Amino acid sequence: MSERETDPALLRSLHPGPLREESHLKGAGQVIGRDLEQVDLLLSGPEVSRRHAWIGLNEAGEWVIHDLDSLNGVFVNGQRIDHQRRLEPGDVIGLGRARAPDYEFTHAGAAHGRRLRLAGPGPWQLGRDLDCHISIPADLSVSQRHALLSRQDSGLLIRDAGSRNGLWQGEERLRRLRLHPDETVMLGHQRLTLLGIDAERVEVELRSLGGAIGLHARGLILPGLEHPRRLDLPAGQLHRLRLPSRAACETLMERLGRDGPTQSGDFGESWLDEQPARQRDRIALVGPSSLQSPLPSSRISLRRWLAEEIVLRLGEALPETARRELIHTTLEALDLVEAANRSLSQLSPLEQRLARLAAALLTRPGLLIVDAPSTGLKPGEAARIEARLERLAGNHLTIVLLSEDAGETPSEDDGPIRRPRLAAAPRQPSLAASACLLRRRWRGMKARPGALLEILALPLVLALALDLALDIRSASLAALAVLLISSPLSSLSLSAARMGLDRHQIRRFGLSRDAALSGLLLACTALLVQFLIVLSLATWRFPLDVWTVEAGLEVLLAGLAGLALGAVVQQALPARSWRALLLIGLLGGAQAGFLLAQASGPALPAALAGLWAFLLWLSRARD
């Protein structure tokens, strides 16, 4: 029996929720299953038998797992075992299922890292999928197929396989790089180190950086503090931090969300200070404006809303089984399982606040900072929230509860609670995130039926007014005039769709490109509907006119120019204000008259659309 094989062993839970327990194993063995009275380690689930598996040391001193004649079997590294299997550090174990493993087996002396030998010529796939040569199923920041490893001369070539979070060395994100022995690269929340390479094998170490994060700062200057303050909050605990004023709490949250607490502070993990853009995954910030504002008034269930939050916060859609497990374990940690299938509008204020905290825990952060968690709640409700948060703090999560000194009461001059601008570098747009934002925009539109009516009625009203006021005998000219005026006005109606979006969330998780794409898709859909309405009406009213492809293209481009004009005005003035309506009416009418007078075909509308789009991009870039 080797020294390594006698090391204490443990099972690390891989359930993708905030409670990732570690169970130390006894050499004499323990039974895993769902019957509390017959097992040593309890695991619930429809695939798990009452007495599912036994794990312990065999006569040779090796850790083994036995299938106790379970109905759905035992899977190790995605393969169903035949009664018994020897376990090695890094093996992932699934009870009754292969695609969503329950545990990782490891030695206590290597609780956060494992060594891997890659045999053969390669290449080797690394990702969250169990089919990968290097599988990391528990790290949600790692994509299904994250990177491809291959030999190159005397080093290891690593190429990004289109992952969401990429490859990092220091402060630089790379598409490909070559590692030499003792060099490292970050993939998600994993640090990969090349230990050695020769003609026969490649040896690497994979170390998880997904533990609790401490918060340390020196010389912290905040509003209301007479002298610089020092923070030293150890990892893995719940801390209650009192600051002198509401402005001090907001300032600290804003600094944490941008680039760390101060220039002389750190998060207890050096790579987070080197890569501030990646703090959005490991540091969850929940401010009072988010906690105290009601959830979107919608008929969707809490479970479905959290499924959308997963897509927006992770930037990709998870497999159904992993998504279901993530939502269930998160709700279970906050005692919200019974509310999972209720609609958001049916949740109580306490449940809505807990739902906001559940959303913050979906990325499995190492540090959760909650500002004013109990403000506006009854004493009993506030105590329940703090008790649940205190239960979550541990090896994988540090929680900081911010509050202002009880002696200070906000005055009317302080104004409403503001939401700090917590910005992150934009991520690459993804189809899943853009589709999710599009659905939320659409729900925002449906919440205001008047906006939908405006988009549909505007072309009809303008066409009738044009027919009465002017003597136009061409269907294409009539359609052109109508769309040039109705499409910019529709942009103001489309602003209602932004009610379904959380701007703070878009900035925090770098979703600006996804938000722009979803907005463009909704605007183009509205334009197409208006075009079809105008086309039908104009053709009916002016049957002698013959439509050509060039005429249709000119009308569509004119509509795009109108939408871009409306977006520019929205950027400059408050949406739906009288000044915005007046400016759009004047500019839209002038644009329509100019194009009708020129009759230059599609070229001029295209140029106008490009001009307005450029001005829109320029105004947003300055923001």
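The model shown is predicted, which means the values in this text are computed figures rather than measured ones. (Residues numbered from 1 in each chain as written. Predicted model: local features only at pLDDT ≥ 70, side-chain atom pairs only at ≥ 80, totals over all residues. Heavy atoms only, no water.)

**Let's talk about the overall build of the chain**
Each helix and strand in the chain was counted, giving 16 helices and 28 strands. The buried share of the chain, taken over its 623 residues, is 53%. Within the chain, contacts between residues at least 6 apart in sequence are counted, and of these 63% link residues at least 24 apart. Summed over its atoms, the accessible surface of the chain is roughly 28,600 Å², and 55% of this surface lies on carbon and sulfur atoms. (Helix = DSSP H or I, 4+ residues; strand = E, 2+ residues; numbered from the N terminus. Buried < 20%, exposed > 50% of the residue type's maximum accessible area, 1.4 Å probe, protein only. Contact = heavy atoms within 4.5 Å. Areas by Shrake-Rupley, 256 points an atom, 1.4 Å probe, with all protein chains shown as cover.)

**Here we look at the packing of helix α5 (residues 302-314) against helix α9 (residues 431-446)**
Two elements in contact, α5 and α9, have axes separated by 8 Å at closest approach and are oriented at 135 degrees. With respect to α9, the element α5 is oriented oblique. Read as a crossing pair, α5 and α9 show a hand that is left-handed. Across from Arg304, Trp305, Glu308, Glu309, Val311 and Leu312 in α5, the residues of α9 making contact are Ala432, Ala433, Cys436, Leu437, Arg439, Arg440 and Arg443. Here the contact of α5 with α9 is built from residues that sort into seven nonpolar, no polar and six charged. (Axes fitted to C-alpha atoms, helices over the stretch in contact; angles between N-to-C directions. Parallel < 35°, antiparallel > 145°, perpendicular 65-115°, else oblique. Left-handed = near helix turned anticlockwise from the far one by under 90°. Nonpolar A, V, L, I, M, F, W, Y, C, P; charged D, E, K, R; others polar.)

**Re the pairing of strand β3 (residues 30-33)**
What you see with β3 is no split at all: Gln30 and Ile32 on one side and Val31 and Gly33 on the other are buried throughout. Bridge count between β3 and strand β5 (residues 53-57): three bridges; the pairing is antiparallel. Residue Ile32 lies in a different strand from β5, and its bridge partner there is Ala53. Inspection of the sheet shows β3 paired to strand β4 (residues 41-42) by two bridges, in the parallel sense. Along β4, the bridge assignment pairs Ile32 with Leu41. (Pairing = 2+ DSSP bridges.)

**Topic: helix α6 (residues 320-333)**
When the terminal C-alpha atoms of α6 are compared, their 20 Å separation across 14 residues agrees well with the 20 Å that a helix rising 1.5 Å per residue should span. Looking at the buried residues of α6, the elements they touch are α5, α7 (349-360) and α8 (379-392). Asp335 lies just past α6 and shows a positive phi near 55 degrees. (Expected span 1.5 Å × (residues − 1).)

**Side note on the nonpolar core**
Residues Leu302, Trp305, Leu306, Leu357, Leu368 and Leu389 are the most contacted members of the largest nonpolar core, which totals 43 residues. Of all the elements, α7 adds the most residues to this core, at seven residues. Residues in contact with Leu389, not counting those within four places in the same chain, are Leu238, Leu357, Leu368, Ile399 and Leu401. Leu126, Leu167, Leu179 and Val202 belong to the second-largest nonpolar core, a separate cluster that totals 22 residues. (Core = buried A, V, L, I, M, F, W, Y, C linked by side-chain atoms within 4.5 Å.)

**Digging into unusual backbone geometry**
Positive phi, close to 75 degrees, is recorded for His83, a residue that is not glycine. Along the polypeptide, His83 turns up in the loop between β8 (79-80) and β9 (84-86). The class for His83 is partly exposed, based on a relative accessible area of 46%.

**Points about the sheet that holds β3**
Taking strand neighbours across the sheet as the criterion, the five strands line up as β4-β3-β5-β6-β9 in an open arrangement whose pairing is mixed. Strands with a single pairing partner mark the edges of an open sheet, and in this sheet they are β4 and β9.

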